[in-house]
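# Observations on the model geometry
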Amino acid sequence: MTGTETETLRVGVVGAGQMGAGIAEVCARAGLDTRLVDAAPHALALGRSRLEASLQRSVDRGRATAAEYSIALANLSWADDVQALADRDVVIEAIIEDRQAKTALFRRLDGILHPGTILASNTSSIPLTDLAVATSRPEDVIGIHFFNPAPAQQLVEIIPSMTTSARTLEQVLHIVEHHLGKRPVQAPDRAGFIVNALLVPFLLSAIRMVENRVATREDIDAGMVHGCAHPMGPLALCDLIGLDTVQAIAESLHEEYREPLYAPPPLLRRMIAAGKTGRKAGSGFYTYDNSGRQHIRGMRTP
């Protein structure tokens, strides 16, 4: 990696979805030279709009000044071709949670990035070794897993694979803690890492309770919020994460561990097939307006 100080560190983010835009915002607000790339022009425009709206909300809520807003935007650049990442010191992949798609992207980036560039994945569950061995630089590949929404959530899981060098791990831990101001935890390179290995069975259990009509979605969520002091109920959290993402993580966990508690419930599959994937679609276990606010009265419990 050529740059080690905040003013020289060049970061690339691939994927302008909810997570990619959020990661780019975190990096830009931290003073890093940040380039967000998405091959789909519509997705790139949407990601830019989402990022700028998030920055504006920070100003409106008093969490950032107008000057900080302008500085963050000045740190950002946009591109629709990963060739634009050739000069980056760190590249973070944040595309769809699909092993084949991520592997293909890592192979392409391997032929573009200069030697020593850190190549990271924001995967929620895919083993990093699978991605690392698809490149000619497995020692530079590592997991940097942010949580949604990235600008607000402090935790970042750092996942070295069996091939990650000590140098890469040390640099990433330093970047996440000292440049980005986040709380890193080192996780094993096993599907689900730490958080999702614990969280996803909990979410799937809540979905099964709805599916089996044990309780309503409202009572399930209220029970965990008011009985266990969770900031959000499990079904509302599924909507925030995206039901398709929850399913993808569950499938990865089930493939690795072959335990029934990781198997996606039929209700989850049916809702995804119907396009009810959560906040981003305007409908999941609850319904949402255009700003993502939950309606008081949503759709009937499936």
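Refer to the structure printed above.
Nothing here was measured: the structure is a model prediction, and the numbers come from that model.

This paragraph deals with unusual backbone geometry. In this chain, Asn148 is followed by Pro149 through a cis amide linkage whose omega measures -5°. Tracing the backbone shows Pro149 in the loop between β6 (141-146) and β7 (155-160). Positive phi, close to 55°, is recorded for Arg258, a residue that is not glycine. Mapped onto the fold, Arg258 is located in the loop between α10 (243-257) and α11 (266-273). Its relative accessible area of 57% is what places Arg258 among the exposed residues.

All right, on to empty space enclosed by the protein then. Under the defined criterion, the tally for this structure stands at one cavity of 30 Å³ or more. A volume near 70 Å³ is recorded for the largest cavity. Lining the largest cavity are Val11, Cys27, Leu32, Val90, Ile92, Ile144, Phe146, Val172, Ile175, Val176 and Leu180. Within the residue set of the lining of the largest cavity, elements represented by two or more residues are β4 (90-93), β6 and α6 (166-179). Of the residues forming the lining of the largest cavity, the biggest block, three residues, is contributed by α6. Split into classes, the residues belonging to the lining of the largest cavity amount to eleven nonpolar, no polar and no charged.

Core analysis: the largest hydrophobic core is formed by 34 residues, its most contacted members being Val11, Ile23, Ile142, Ile144, Phe146, Ile158 and Leu180. Of all the secondary-structure elements, those providing two or more residues to this core are β1 (10-14), α1 (18-29), α2 (41-60), β4, β5 (118-121), β6, β7 and α6. For this core, the element with the most residues is α1, which contributes six residues. Setting aside chain neighbours within four positions, we find Phe146 in contact with Met19, Ile23, Val26, Ile92, Asn122, Leu155, Val156 and Leu180. Residues Cys238, Ile249, Leu253 and Phe285 belong to the second largest nonpolar core, which totals 27 residues.

Cut-off values and rules
- Residues numbered from 1 in each chain as written.
- Predicted model: local features only at pLDDT ≥ 70, side-chain atom pairs only at ≥ 80, totals over all residues.
- Heavy atoms only, no water.
- Helix = DSSP H or I, 4+ residues; strand = E, 2+ residues; numbered from the N terminus.
- Buried < 20%, exposed > 50% of the residue type's maximum accessible area, 1.4 Å probe, protein only.
- 1 Å grid on protein atoms, 1.4 Å probe; cavity = no way out; pocket = protein on both sides within 12 Å on 5 of 7 lines; lining within 4 Å.
- Points joined across faces, edges and corners; volume = space filled by probe spheres on them.
- Nonpolar A, V, L, I, M, F, W, Y, C, P; charged D, E, K, R; others polar.
- Core = buried A, V, L, I, M, F, W, Y, C linked by side-chain atoms within 4.5 Å.
- Contact = heavy atoms within 4.5 Å.

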